[in-house]
Amino acid sequence: MQGRLVTLEWPGDDDWAAIASWLRPGSPAAVLSGDWELLGAAEVEQANRSGRVHHLVIRTKDGERIGTVSYQRSGRIGGFTVGGAIGSPELWRRGYGAEAVVLLVDYLFHQLDAHRVQVTTAGYNKGVIRLMTKTPFVVEGILRDHCYLDGRYHDAIVWGLLRDEHYASLEPSEDNRVLAVGLADFLSDDDKIQARAVLAEHLATGRRTALDAYLDGAAEPGRPAASLAAETGAVETAGTAGTAGADPLAAAFTEPTAPPPAGAGAPAPARGAA
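In this report, the structure presented in the accompanying data block is examined. (Residues numbered from 1 in each chain as written. Predicted model: local features only at pLDDT ≥ 70, side-chain atom pairs only at ≥ 80, totals over all residues. Heavy atoms only, no water.)

This part covers the sheet that holds strand β1 (residues 6–9). Two orientations exist for strands paired in a sheet by backbone hydrogen bonds: parallel and antiparallel. Strand order across the open sheet formed by 7 strands is β1-β2-β3-β4-β5-β7-β6, with mixed pairing between neighbours. Bordering the open sheet on either side are β1 and β6 (138–149), each of which pairs with just one other strand. Neighbour to neighbour, the strand axes of the sheet diverge by 25° on average, direction disregarded. Across 3 bridges, strand β4 (residues 79–86) lies against strand β5 (residues 116–122) in parallel orientation. The residue of β5 that forms the bridge with F80 is V117. Against the sheet, helix α1 (residues 16–23) engages β2 (54–60), β3 (65–73) and β4, with an angle of about 80° to β3. (Pairing = 2+ DSSP bridges. Helix = DSSP H or I, 4+ residues; strand = E, 2+ residues; numbered from the N terminus. Axes fitted to C-alpha atoms, helices over the stretch in contact; angles between N-to-C directions. Contact = heavy atoms within 4.5 Å.)

Put into structure tokens, the structure is as follows:
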């Protein structure tokens, strides 16, 4: 995933230690985010390989590794929570972290079919709060006393963005200068149309497909149609008892229209009769 300022890459074996250092308790990024995890490199790697969380490495245009963004699933209807950290305070407020989150959010909506993305920010982080107010993210709630810093508790702010809000935000405007990036499609519309045309041409030639067994009348893929026809004929012969052309299924579910012969059976005794 490539933007104007940064590129997002999946971590390699030499990236796990760096990610752990950016998220460790007391690190500048962890203090400002109000969120941290006491994990070593091996634990960060295991969390990613298990699918509990997914980290990506942020690199500048010259290839310098400067931070990470992450996402994990939340709820059952296409929800995700995201976070991020730029390691060195000297690199803050240069737009690196903002663009990295933009690229990640667009990846979630455009490639992973996200319906909702959530961000939680510490109530004392002025820079990030100011950034969020310039995006289409909506304030959805306050987590009271969620963070602890400098001897006291602080609230956290929950921000959310829905799918239609995201795509509307991709149009640049004076009110929206942050999320107006948007990833390019992996494949162009022309390539997708041509792929369908290639398949249509193949099917038009009459080449065999996995559907041929059904079109030939077989009940199961790979089952010879002749075998099924022979079995069906045997059932029809037994079920019609010599009546030519009768449908055995129709006969089985057809109720007799004529009354039974007189004396064919005695009526059932009334309930309780001896």
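Here the focus is the pairing of β5. Successive side chains on a regular strand alternate, one facing one side of the sheet and the next facing the other. Among the 7 residues that make up β5, 5 are buried, leaving the element largely enclosed by the rest of the structure. In terms of strand pairing, β5 meets strand β7 (residues 152–162) through 7 bridges, oriented antiparallel. Within the sheet, the bridge partner assigned to T121 lies in β7 and is I157. (Buried < 20%, exposed > 50% of the residue type's maximum accessible area, 1.4 Å probe, protein only.)

Position of E45 relative to the elements: it lies in helix α3 (residues 41–49). As for E45 and D15, which are separated by 30 residues in sequence, their C-alpha atoms are 9.1 Å apart. Contacts of E45, omitting those with residues within four sequence positions, involve D13 and W16.

For the rest of this paragraph, the subject is the packing of α1 against α3. The description of two helices packed together rests on the angle between their axes and the distance between the axes. Close contact between α1 and α3 brings their axes to 8 Å; oriented N to C, the two are set at 105°. Judged by the angle between their axes, α1 and α3 are roughly perpendicular. Touching W16, A17, I19 and A20 of α1 are A41, V44, E45, N48 and R49, all from α3. A class-by-class count of the residues in the contact of α1 with α3 yields 6 nonpolar, 1 polar and 2 charged. (Parallel < 35°, antiparallel > 145°, perpendicular 65-115°, else oblique. Nonpolar A, V, L, I, M, F, W, Y, C, P; charged D, E, K, R; others polar.)

Formed by 28 residues in total, the largest nonpolar core has its most connected members in L8, I58, Y71, L104, L108, V117 and F137. Within the residue set of this core, elements represented by two or more residues are β1, β2, β3, β4, α4 (96–111), β5, α5 (126–132) and β7. Here this core gets 8 residues from one element, more than from any other, and that element is α4. Not counting the four nearest positions on each side in its chain, L8 is found in contact with M1, L56, V57, I58, V69, A100, L103 and L104. Residues A18, I19, W22 and V44 belong to the second largest nonpolar core, which totals 7 residues. (Core = buried A, V, L, I, M, F, W, Y, C linked by side-chain atoms within 4.5 Å.)

What follows is about the packing of aromatic side chains. A complete count under the given rule lists 4 aromatic pairs for this structure. Ring centres 6.3 Å apart and planes at 70° place the aromatic pair W10 and Y107 in the edge-to-face group. Pair noted here: W10 is in the loop between β1 and α1 and Y107 is in helix α4, with a separation of 97 residues, a long-range link. Residue W10 is classed as partly exposed on the basis of its relative accessible area of 48%. A relative accessible area of 13% places Y107 in the buried class. Pairwise contacts between aromatic rings join W10, Y71, F80 and Y107 into one cluster. (Phe/Tyr/Trp six-rings, centres within 6.5 Å; stacked < 30°, edge-to-face > 60°.)

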